Amino acid sequence: MDYEESKHWLFSLHVEMKDYDLKKMRLLVKLAKLDLQRLKMVHVAGSNGKGSTCAYISSILTEQGYKTGLYSSPHILEPTERMRINGKKIPKEKFAQLADYFRKLMENSSVEANFFEVITAMAFKYFLEEKVDILVAETGMGGRLDATNLLNGVVCIITRISFEHHQYLGNTLEKIAAEKVGIIKRNSAVVTLKHNNGIETINEAAQRNNCVIYYPEWEHSTSGDLTQKFNLSEPEEIENITIRMLGEHQCENAALAITAAIALREKGFEVSKKSILHGMEKAFFSGRLEKISENPLVIVDAAHNEDAWKKLFEALELFRYDKMIVVFGAMKDKKIAHVKNLLKKNASRLIITKADSNRAAEPEKLKEKIGFGEIIVPEEKAIEKAVSLAGKRDLVLITGSIYILGKAYRRFKKEP
């Protein structure tokens, strides 16, 4: 298969959002003869901030000189974004080769697996073949039964936990936390927030697995529309940390990543303060309060739940604008009630659209729940309409799901 054929085949596998376990992943790994014990890893689970936290820690490790793998999901434009080494995406030819390998393996063994299981197995094989020194990987959903959970994290990070995927992970924060802590392995180090939701569950899992647990403490210093600074006080003092990603919530993600680097140091990895500071300055993860156009001002953000939407609209105060035009689309399983009041308060104009995904909510249902807005599909037309409505001092916000951001990147010829 060439690259386009490999994508077509992978997407045809879909993702069944029910009855998932690790049996098929174990079988794929066994059939491919992958020795996962060779992969040293930082494993990241949580509801919000996983991708950004992974970007920060991988940037630190790359700056230190490690050959660092990064596995993230979902992608914005191309699935090659999901696998990176020292920040560089997997070559399309290599991606197609790996997909072809697993397609033949599955056909010869009569194995059926879904999109996320196969692309995760592809990633494992890629990072093993490339002999990375360390892999930073985020879970796709949950943790306990996530396809990435065949790996043993040297350090396990639990980012902020909030309500999400309740029909799969549970309808209380404690149940959701119980799924997230499934990534915690015996004698690993655990990094989380002292006041995280489900903290009792996290602490119990760490204690049960004989893990040292770290809680970062930090203080925000300054903000601009290009960079911001903060100071870390625990687990050690580091001042004037500069990051490019915006919004105070990114200081939280960065603090978790720095603490993970310190935990790795305690596990025998060399990580200098210089690498931490330089890694922070260089780190970036697309689709997180990202400015993709100046005239008009266009911001894209992958916020997809109550906590993320709240932080997004707080962070937009960094920008100066007259009117806000919002392009919004979401997945079927999202609780739109949480964003409704934020949209009513902030949006001068709301355009509701539908992402190119079988999990996307119908725009008519979104409009019914939100109570206002005009429906324009597909996303390209919605984005074009928003841009045409924006004056020189207006802001166009594209948000609700990472799945609708890709068309914005194409429209403005930006590369994630």
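Check the entry above for the structure.
Notes on the structure follow. (Residues numbered from 1 in each chain as written. Predicted model: local features only at pLDDT ≥ 70, side-chain atom pairs only at ≥ 80, totals over all residues. Heavy atoms only, no water.)

## Here's the deal with the overall build of the chain
Consideration 1: Check the secondary structure of the chain and you find 15 helices and 17 strands.
Consideration 2: Taken along the three principal axes of its C-alpha coordinates, the chain extends 55 × 55 × 40 Å.
Consideration 3: Expressed as a percentage of the 416 residues in the chain, the buried residues total 58%.
Consideration 4: The long-range fraction of contacts in the chain, counting pairs at least 24 apart against all pairs at least 6 apart in sequence, stands at 71%.
Consideration 5: Summed over its atoms, the accessible surface of the chain is roughly 18000 Å², and 46% of this surface lies on carbon and sulfur atoms. (Helix = DSSP H or I, 4+ residues; strand = E, 2+ residues; numbered from the N terminus. Buried < 20%, exposed > 50% of the residue type's maximum accessible area, 1.4 Å probe, protein only. Contact = heavy atoms within 4.5 Å. Areas by Shrake-Rupley, 256 points an atom, 1.4 Å probe, with all protein chains shown as cover.)

## Comments concerning the pairing of strand β2 (residues 68–71)
Consideration 1: With burial as the criterion, each face of β2 is covered, one bearing T68 and L70 and the other bearing G69 and Y71.
Consideration 2: Pairing of β2 with strand β5 (residues 134–138) involves four bridges; the strand directions are parallel. Across the sheet, T68 pairs through a bridge with I134, a residue of β5.
Consideration 3: Here β2 pairs with strand β3 (residues 83–85) via three bridges, running antiparallel. Across the sheet, residue G69 finds its bridge partner in β3, namely I85. (Pairing = 2+ DSSP bridges.)

## Things to note about the sheet that holds strand β6 (residues 153–158)
Consideration 1: Strand order across the open sheet formed by eight strands is β4-β3-β2-β5-β1-β6-β7-β8, with mixed pairing between neighbours. At either end of the open sheet lies a strand with only one pairing partner, and these are β4 (88–89) and β8 (212–214).
Consideration 2: Where strand β1 (residues 41–45) and β5 come together, four bridges link them in parallel fashion. Paired with H43 across the strands is A137, a residue of β5.

## Considerations on the pattern of salt bridges
Consideration 1: A complete count under the given rule lists 23 salt bridges for this structure.
Consideration 2: In this structure, the salt-bridge partner of R410 is E78, at a minimum N-O distance of 3.8 Å. Of this pair, R410 sits in helix α15 (residues 405–411) while E78 sits in the loop between β2 and β3, placing them 332 residues apart in sequence.
Consideration 3: Among the residues examined, R410 registers a relative accessible area of 47% and is labelled partly exposed.
Consideration 4: Taking the relative accessible area as the measure of exposure, E78 reaches 16% and is therefore buried.
Consideration 5: Residue E179 is joined to R144 by a salt bridge in which the shortest nitrogen-to-oxygen separation is 3.2 Å. Here the residue E179 occupies a position in helix α7 (residues 173–180), and R144 occupies one in the loop between β5 and β6, the gap between them amounting to 35 residues. (Salt bridge = Lys/Arg side-chain N within 4 Å of Asp/Glu carboxyl O.)

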